[in-house]
Amino acid sequence: MFGEVRAARRPLAYLVALLLAVGALSLGGPVTASADAASLCSGRPTKTVGFGTGELRLYRSRQYVCALTVAKVPGPRRAMSVALQPRGGRPAVDSGRFTRQAGPVTVHALNRCVRATGSVAGRSGATGWVLC
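Residues numbered from 1 in each chain as written. Predicted model: local features only at pLDDT ≥ 70, side-chain atom pairs only at ≥ 80, totals over all residues. Heavy atoms only, no water.

Student: Give me the confidence of the model for the chain: which residues, what numbers.
Tutor: Overall, the prediction assigns the chain a mean pLDDT of 82, with 70% of residues at 70 or greater. Ignoring residues within four places in sequence, the model shows residues 18–37, a span with pLDDT below 50, making three contacts including any to other chains. (pLDDT = per-residue confidence, 0-100. Contact = heavy atoms within 4.5 Å.)

Quick look at the structure:
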């Protein structure tokens, strides 16, 4: 008698576990990211410099600063660049012909100022020395 009850409960237990797993996945929903989160730079956004054809974005974590240049309107390949330089150090540069963004570039900048420049199709923006 007890063997029959256990055999009847086993499929029911699997069904309940399956429903709980599906419910947990459906409550969590699909993982989506905003455009800013997909920037590939870690850290928090600290400065944005807009210019005619795009914008230069800076992100900072404890030890690093990251920068990228994003075109206002993604489209055909065009000249884009981003440069990030810590004070007293060499600049990290990414330049070429891109459709959406140049970068990211990252430099170690613990307790150091940085400056960044970015350009899209001949128009550019710069920060000067910031995050000191």
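Anyway, onward from the coordinates.
Student: Quick rundown of the sheet that holds strand β1 (residues 44–51)? Include the residues and the values.
Tutor: Strand order across the open sheet formed by four strands is β1-β2-β3-β6, with antiparallel pairing between neighbours. Edge positions in the sheet fall to β1 and β6 (101–108), since each of these pairs with one other strand and no more. Each strand of the sheet is rotated relative to its neighbour by a mean of 15 degrees, with strand direction disregarded. In the sheet, strand β3 (residues 64–71) pairs with β6 via six bridges, with the strands oriented antiparallel. Residue pairing in the sheet places Cys66 in a bridge with Thr106 of β6. (Pairing = 2+ DSSP bridges. Helix = DSSP H or I, 4+ residues; strand = E, 2+ residues; numbered from the N terminus. Axes fitted to C-alpha atoms, helices over the stretch in contact; angles between N-to-C directions.)

Student: If you had to explain the pairing of strand β2 (residues 54–60) to someone new, which residues and values would you point to?
Tutor: In terms of burial, β2 is largely enclosed, as six of its seven residues are buried. As paired elements, β1 and β2 share seven bridges and run antiparallel to each other. Directly across from Arg44, in β2, lies its bridge partner Arg60. The hairpin turn running from β2 into β3, its antiparallel successor, is three residues long. (Buried < 20%, exposed > 50% of the residue type's maximum accessible area, 1.4 Å probe, protein only.)

Student: Summarise the state of the cysteines; cite the residues concerned and give the values.
Tutor: Following the criterion strictly, the structure yields two disulfides and no others. The disulfide that involves Cys41 links it to Cys66, with 1.9 Å between the sulfurs. With the S-S bond torsion at -55 degrees, the cross-link from Cys41 to Cys66 turns out left-handed. Taken as a pair, Cys41 in the loop between α1 (2–28) and β1 and Cys66 in strand β3 lie far apart in primary sequence, 25 residues in all. Using a relative accessible area of 12% as the deciding quantity, one classes Cys41 as buried. The residue that forms a disulfide with Cys113 is Cys132, at a sulfur-sulfur distance of 2.0 Å. (Disulfide = S-S within 2.5 Å.)

Student: Give a detailed account of the packing of aromatic side chains, specifying residues and quantitative values.
Tutor: Using the criterion set out here, one finds zero aromatic pairs in the structure. The ring of Trp129 is capped by Arg87, whose NZ or CZ atom sits 4.3 Å from the centre of that ring. (Phe/Tyr/Trp six-rings, centres within 6.5 Å; stacked < 30°, edge-to-face > 60°. Lys NZ or Arg CZ within 6 Å of the ring centre and 35° of its normal.)

Student: Any details on unusual backbone geometry? Residues and values, ideally.
Tutor: Here Gly103 and Pro104 are connected by a cis peptide whose omega angle stands at 15 degrees. Note that Pro104 resides in strand β6. Here Asn111, not a glycine, exhibits a phi torsion of approximately 60 degrees, which is positive. By the secondary structure assignment, Asn111 is in the loop between β6 and β7 (114–120). For Ala121, which is not a glycine, the phi torsion comes out positive at approximately 55 degrees. In this structure, Ala121 sits in the loop between β7 and β8 (123–126). By relative accessible area, which is 46% here, Ala121 ends up partly exposed.

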